[in-house]
Amino acid sequence: MRPLELRLTGLRSYRTDTTVDFSDVSLLAIIGATGSGKSSLLEAITYALYGTATWGGRNVKSLIADGSLRMTVSLTFDADGQQWKITRSAPSGNYPPSTQELVCLSDPERPKVDGSTEVKTRIQALVGLDYDGFKSCVLLPQGRFDQLLKSATAERVGILKGILGLDALDQTRGRAQALEAVVTARYEELLRARGQFMPDPHAEHTSATATIAELTPRADELEKLEQRAQALLEEARADLGEEKDATAGADRITDLNDAALIDRLRTLEQLEADLVRRHSDAAAAAQVAERDAAAARAAINEASEQHRSTVAITRMLGTLDTANSALRAIIEDRAASQRRRAELAEDLTTLDVLRERNTELQRTLTQHVEAEQSAESAAREAKHAADQVLGSITQIVSARQHLNSTELALKGLSAGLALAQEHEIAVRAAHDEAFASKAAAQLKMVAVQRDQAAATAAHGCQPGEACPVCAQTLPGTFIAPQFTIDHAAMATTLAAAEETERAVFSELTRLQAAVGTATTQHADATDNRDRAAVAWAQVAHTPLPNDLDPATLADDEPTHAQVNAPANLAVEQYRAATSARSTTEGEHQRANATLEAKQNELKRRDGDLRSEVEASAKREAEVRGRLAQLPSWADVPQSAAPIELAEAEARLEAALEEAKHRDAVGESTADTAKACQTALNEAQQRIQTEIHGPALSERATLHTLAAEVNRHHEQPLPKLATSASIGELISAGEQITTAAQQMLTQLQDTATRARAAAQSKQQEGSRMVSAAGFENSAQVHEAVIDVVAELKTATSQREQAAAQLKPAAELDAMLSQAQQLRAGLHELAFQLGDGRFTGYVVAQRQRALLILASGIFGDVTAGQYGFTEDFKIVDRQTGAARTPETLSGGETFLASLALALGLVELAGRSGGRLQALFLDEGFGSLDPDALDQALNELERRADTGRLIAMISHVPAIAERIEQVLHVTKTPQGSAVRLLTDEQRAELLMHDATEQAAAAT
């Protein structure tokens, strides 16, 4: 993961939108005053990636700037070969809710990730680290940079697995376990499928074939025996059926042959003659009564056709009464309408008065509108003039204040320049003095060496060595001449003088640069003051109202009030005109409303009167129409008045009485005809009930007896006619009963003969079954069923086994393959456990890390320290190992830095995901040599394209690192900028000047 761009708003001291571009940066120094917001940039990166904070209990609410309603951070970064952007926001309160969104900028088609858990999982996969691992290896926060160094073994192993890509082994193990579960489920599914087949289809097929060959002959033999026994049984059943039919027929003939039937028929014949005579007399009386009733109905129908019926006349009387009432009401309504029409004519005269009032108000309103427009124009011109004056005042005051501030700044810079120049003169004098002291010490040392040349040349020589002057071998008795003056003390004095001269010269060089910078700043301030003076001269003579002096003018409320007074007066006049116009406009609107309401009222009343007249005419037309529908004999004129309708009503009353009389006569004759018809119906009913019914019953009995005789007789008896008289029934009955007695004798003989034949066949069948070894035919049938069932079972079993031969073999093969695959996946997951292959790889990578880190640790500590295999610290001078807790602050920082750089190097070699390193402080605990070595290591790693950012207040960092991000604190919040070379040099000079001033 390599950051490209960071944007943040509302996070701690970054209250406004701030952007930091890391895309073209490799080694970056982030500097600024204490509290300027340097470390907050690292908090922003941590929050963007992991949604948490490195302090405050990881509560992101503590990151939100004071007074900000919401904090928003977005980070664009490279990871996994693509460019990504993560954006998070959090409210200071509870609403709106926090948001998080991860998008792939390289692939717009890829869906965004916006769930909290989903974003966390995806970020950890892209970065290769969880929050704790990121804080241990990528982001080394202030005061907590030693987390990886002092982590527990399990925690350190987890971090290393993520950084070095070894979590891919865990993923492979997980995929193997998941695939094993899938294969196991498939194996169990195959087992269930195989369980639905026979254990050994081939053996089952062979066994069923043998059973079929054994049972087939036995089945044929039993089926033939059953068929012969069944044939004899069926013949016997047929004989018994014949015997049963003959016996049943004889019984039915006996039951149906009634000896008293002929006597009952002769009695019915006598009763029939008497009832026929009575029916004839009743028919003659009914005919006469019906004729009289028909005449009465004809008279009523004729009156109905002429609309003279009781109902018609009653309806006409109702029509006359309703019409009379309606005509009287219409006359009264028309009189009332004429009165309201006269009142409407009087009210129309009030409209003229209202129109005149409305016209007068319109003229007044027009005058007020013109006055308002004039006042508005005057107020606008006055306001414009005041705004111009106020604008001039603002320019004048701003120019005067700017001139004052530039003069004040120039005065301060002049004092600072004078102070720096004085300090430079003093340091130059000190340098001259130090240079003179060094020269004197050097001259003195040269003089001593010249005076004691022999001692100088032979200093340190031993007998047997070459003479430094003549190159001959020194004799064994040689003793080197001794210095008569303390040569070592003089050398020490000379070295001290030289060191003093170098220090004073360095300070003099720094002060000269500071004086140059101060001189440049003083020249710039002079230019600024001159430009401000020109700007003041341009506005100092701007025309202003009376009593306003540009030299003493203030841009304050009293001045504004004085300038705005004419405009305010014009505005008041405009408001008064507006109020007058509004009042008149209201009166005009109310007058318009009154006039319009009155017009609408009169129009409505006129419409109502017209509607009443039309409705009255319509009602009268409807009444006249109903009167026109009355029959002509009623003699009712269509234009009749109410008095004429009363006379017509009297005539209809008389006609109603005549109609009622006709109705009474018709009702009386109808009752007589009805009584005669009832007597005729009763006579007819007796004939039907007492003669026809019993005769039909007796005929049915004879018909049933004849049918039974015909069922057994070759020559059928003659059929009985449906319309046969009682005498004909008597003659036929005598013939049928004689034939029935003869057929009874024949049926009894047939039953005896059939019974004997059935007994003979039953005995023969029993002998055949016994000979075959069975007690009865039922046992034979059961034996046949058993053999056939066994044959069917064997055949089905053979067919089922034949159908399962191929699929069972295929399932057996798949089960064998699935079992082998499952065992292989299980072994793979087992071998990839932390304690086996993965543990071995982690141990190897950890050993490689410690080798790299030991080399780096030795480089930055002048070969003093390295790491053991268990992350302890080894002192290479003594060979002793100790825990990291025993290191000093600077040594702990260097050890943590060595581990971090080793991780970066190792991850790069193995294609890992560490492409950035952030260091927050820690450099202040290093001496100059250690700092120089640490920076050398960081520069070498940055040259590979990685991003290494260092937050520090140590001046050497900004001097050494070319790319500097300067963080400053403004009233609007923290601000950042990437310094150019000139800005970086200026910043360093400014810091040197401040340090020099503080030193003096």
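Cut-offs and rules
- Residues numbered from 1 in each chain as written.
- Predicted model: local features only at pLDDT ≥ 70, side-chain atom pairs only at ≥ 80, totals over all residues.
- Heavy atoms only, no water.
- Helix = DSSP H or I, 4+ residues; strand = E, 2+ residues; numbered from the N terminus.
- Rg over C-alpha atoms; globule rule 2.2 N^0.38 Å.
- Buried < 20%, exposed > 50% of the residue type's maximum accessible area, 1.4 Å probe, protein only.
- Contact = heavy atoms within 4.5 Å.
- Areas by Shrake-Rupley, 256 points an atom, 1.4 Å probe, with all protein chains shown as cover.
- Expected span 1.5 Å × (residues − 1).
- Bend = angle between axes of the 7 residues up to and from the residue.
- Polar contact = N/O pair within 3.5 Å; in protein donor to acceptor, adjacent residues only side chain to side chain.
- UniProt positions renumbered as here; feature names shortened; annotations may be inferred.
- Pairing = 2+ DSSP bridges.
- Axes fitted to C-alpha atoms, helices over the stretch in contact; angles between N-to-C directions.
- Parallel < 35°, antiparallel > 145°, perpendicular 65-115°, else oblique.
- Left-handed = near helix turned anticlockwise from the far one by under 90°.
- Nonpolar A, V, L, I, M, F, W, Y, C, P; charged D, E, K, R; others polar.
- Arc of directions from axis to C-beta.
- Phe/Tyr/Trp six-rings, centres within 6.5 Å; stacked < 30°, edge-to-face > 60°.
- Lys NZ or Arg CZ within 6 Å of the ring centre and 35° of its normal.
- Salt bridge = Lys/Arg side-chain N within 4 Å of Asp/Glu carboxyl O.
- Patch = residues over 30% accessible without salt bridge, like charges linked within 9 Å, V, L, I, M, F, W, Y side chains within 5 Å.
- Lys, Arg positive; Asp, Glu negative; His and termini not counted.
- Charge placed at Lys NZ, Arg CZ, Asp CG, Glu CD.

## Focus on the overall build of the chain
No. 1: Regarding its fold elements, the chain presents 20 helices and 14 strands.
No. 2: In summary, the chain has a C-alpha radius of gyration of 68 Å against a globular reference of 30 Å for 1000 residues, an excess of more than 25%.
No. 3: When its C-alpha atoms are laid out on the principal axes, the chain stretches across 200 × 135 × 35 Å.
No. 4: Of all 1000 residues assigned to the chain, the portion counted as buried reaches 37%.
No. 5: Long-range pairs, those at least 24 residues apart, make up 72% of the contacts in the chain with a sequence separation of at least 6.
No. 6: Of the roughly 55,900 Å² of accessible surface on the chain, 53% is carried by carbon and sulfur atoms.

## Examining helix 15 (residues 777-831)
No. 1: With 55 residues, helix 15 extends 76 Å between its outermost C-alpha atoms, agreeing within 8% with the 81 Å of an ideal straight helix rising 1.5 Å per residue.
No. 2: A bend of about 40 degrees at L805 is the largest found in helix 15, and the proline P807 appears one to four places after it.
No. 3: A side-chain oxygen of the first residue of helix 15 lies 3.2 Å from the backbone nitrogen of A778; this N-cap is N776.

## A closer look at the UniProt feature "coiled-coil region" (unreviewed entry) in the chain
No. 1: When the UniProt feature table is mapped onto this chain, "coiled-coil region" (unreviewed entry) is found at residues 219-246.
No. 2: In the segment residues 219-246, helix accounts for 100% and strand for 0%; the C-alpha atoms at its two ends are 40 Å apart.

## Topic: the sheet that holds strand 1 (residues 2-9)
No. 1: Sheet architecture is open: five strands sit in the order 2-1-4-5-6, paired in antiparallel fashion. Edge positions in the sheet fall to strand 2 (18-21) and strand 6 (99-104), since each of these pairs with one other strand and no more. The sheet shows a mean angle of 10 degrees between the axes of neighbouring strands, direction not considered.
No. 2: Pairing of strand 4 (residues 70-79) with strand 5 (residues 82-91), which is carried by ten bridges, proceeds in the antiparallel orientation. Note on strand 5: the bridge partner recorded for T76 is K85.

## Regarding the pairing of strand 11 (residues 916-920)
No. 1: With five of five residues buried, strand 11 lies mostly within the body of the structure.
No. 2: Here strand 11 shows two buried faces, one formed by A916, F918 and D920 and the other by L917 and L919.
No. 3: Pairing analysis gives five bridges linking strand 11 to strand 12 (residues 947-951), with the strands arranged parallel. If you follow D920 over to strand 12, its bridge partner there is I951.

## What about the environment of W633?
No. 1: With respect to the helices and strands, the residue W633 is situated in the loop between helix 12 (557-628) and helix 13 (642-712).
No. 2: Accessibility expressed as a relative area gives 24% for W633, which makes it partly exposed.
No. 3: Through-space distance from the C-alpha of W633 to that of L652 is 9.6 Å; in sequence the pair is 19 residues apart.
No. 4: Dropping the residues within four chain positions of it, W633 is found in contact with Q306, H307, R308, I313, M316, L652 and A655.

## Considering the packing of helix 6 (residues 201-256) against helix 14 (residues 726-771)
No. 1: As a packed pair, helix 6 and helix 14 sit with axes 8 Å apart at the nearest point and diverge in direction by 160 degrees. It follows that helix 6 is roughly antiparallel to helix 14 by the angle criterion. Considering only the axes of helix 6 and helix 14, their crossing is left-handed.
No. 2: Among the residues making up the contact of helix 6 with helix 14, the classes are represented as 18 nonpolar, seven polar and nine charged.

## Considering helix 2 (residues 116-127)
No. 1: With twelve residues, helix 2 should cover 16 Å at 1.5 Å per step; its first-to-last C-alpha distance of 16 Å lies within 8% of that length.
No. 2: Taken together, the buried positions of helix 2 are V119, I123, L126 and V127. Projected down its long axis, helix 2 shows its buried positions confined to an angular sector of 85 degrees, all on one face. Those residues of helix 2 that are exposed and angled more than 90 degrees off the buried face are T117 and T121.
No. 3: Just downstream of helix 2, G128 is the residue with a positive phi angle, here 85 degrees.

## Points about unusual backbone geometry
No. 1: Looking along the chain, the bond that leaves Y95 and enters P96 is cis, with omega of -5 degrees.
No. 2: With respect to the secondary-structure elements, P96 resides in the loop between strand 5 and strand 6.
No. 3: The phi torsion at R12 lies on the positive side, around 50 degrees, for a residue other than glycine.
No. 4: On the basis of relative accessible area, R12 is assigned to the partly exposed category, the value being 31%.

## Remarks on the packing of aromatic side chains
No. 1: What the rule picks out here adds up to four aromatic pairs.
No. 2: Considering the side-chain rings of Y50 and Y131, the 6.1 Å spacing of their centres and the 70 degrees angle between planes classify their relative orientation as edge-to-face. Highlighted residues: Y50 in helix 1 (residues 38-50) and Y131 in helix 3 (residues 131-137), separated in sequence by 81 residues. Assigned by exposure class, Y50 and Y131 land together as buried.
No. 3: For the pair F857 and Y865, a centre-to-centre distance of 5.6 Å together with 25 degrees between the ring planes defines the contact as stacked.
No. 4: Members of the aromatic cluster, joined through ring pairs, are F857, Y865 and F867.
No. 5: It is R822 that lies over the ring of Y187; its NZ or CZ is 4.5 Å from the centre.

## A short note on the pairing of strand 2
No. 1: Because side chains alternate across strand 2, one face comprises the buried residues T18 and V20, and the other comprises T19 and D21, none of which is buried.
No. 2: By the bridge criterion, four bridges tie strand 1 to strand 2 in an arrangement that is antiparallel. Its bridge partner lying in strand 2, E5 is registered against D21.

## Notes on the sheet that holds strand 10 (residues 881-882)
Where strands meet in a sheet, backbone hydrogen bonds hold them as pairs that are either parallel or antiparallel.
No. 1: If you trace the three strands from one edge of the open sheet to the other, you get 8-9-10, paired in antiparallel fashion. Two strands close off the open sheet at either side, each with one partner strand: strand 8 (865-867) and strand 10.
No. 2: As defined by bridge partners, strand 9 (residues 873-875) adjoins strand 10 across two bridges and the pair is classed as antiparallel. If you follow I873 over to strand 10, its bridge partner there is R882.

## Concerning the environment of E986
No. 1: Relative to the assigned elements, E986 resides in helix 20 (residues 981-999).
No. 2: With a relative accessible area of 48%, E986 lands in the partly exposed category.
No. 3: The spacing of E986 and T517 is 469 residues in sequence and 7.8 Å in space, taken between C-alpha atoms.

## Some remarks on the side chain of T559
No. 1: With respect to the helices and strands, T559 occurs in helix 12.
No. 2: Polar side-chain contacts of T559 include one of 2.9 Å to the backbone oxygen of A554.
No. 3: Here D556 takes part through its side chain, which lies 2.7 Å from a polar atom of the side chain of T559.
No. 4: Those residues within four positions of T559 in sequence are excluded, and the remaining contacts are I393, L548, L553 and A554.

## Quick word on the pattern of salt bridges
No. 1: Going through the model one piece at a time under the given rule, you end up with 31 salt bridges.
No. 2: Taking the shortest distance from any N to any O, the salt bridge between D812 and R194 comes out at 2.8 Å. On the criterion of sequence distance, the pair formed by D812 in helix 15 and R194 in helix 5 (residues 167-195) is long-range, its members being 618 residues apart.
No. 3: Several salt bridges converge on common partners, so that one network encompasses E235, D239 and K761.

## Digging into a negative patch on the surface
No. 1: A cluster of like negative charges, contributed by E214, E782, D786 and E790, occupies part of the molecular surface.
No. 2: Within the element layout of this structure, D786 appears in helix 15.
No. 3: With a relative accessible area of 48%, D786 lands in the partly exposed category.

## Some words on the environment of L49
No. 1: Note that L49 resides in helix 1.
No. 2: Once the C-alpha coordinates of L49 and E959 are considered, the two residues, 910 residues apart in sequence, prove to be 32 Å apart.
No. 3: What L49 contacts, discounting residues up to four positions off in sequence, is M1, L75, F77, I86, R88, I123, V127 and F134.

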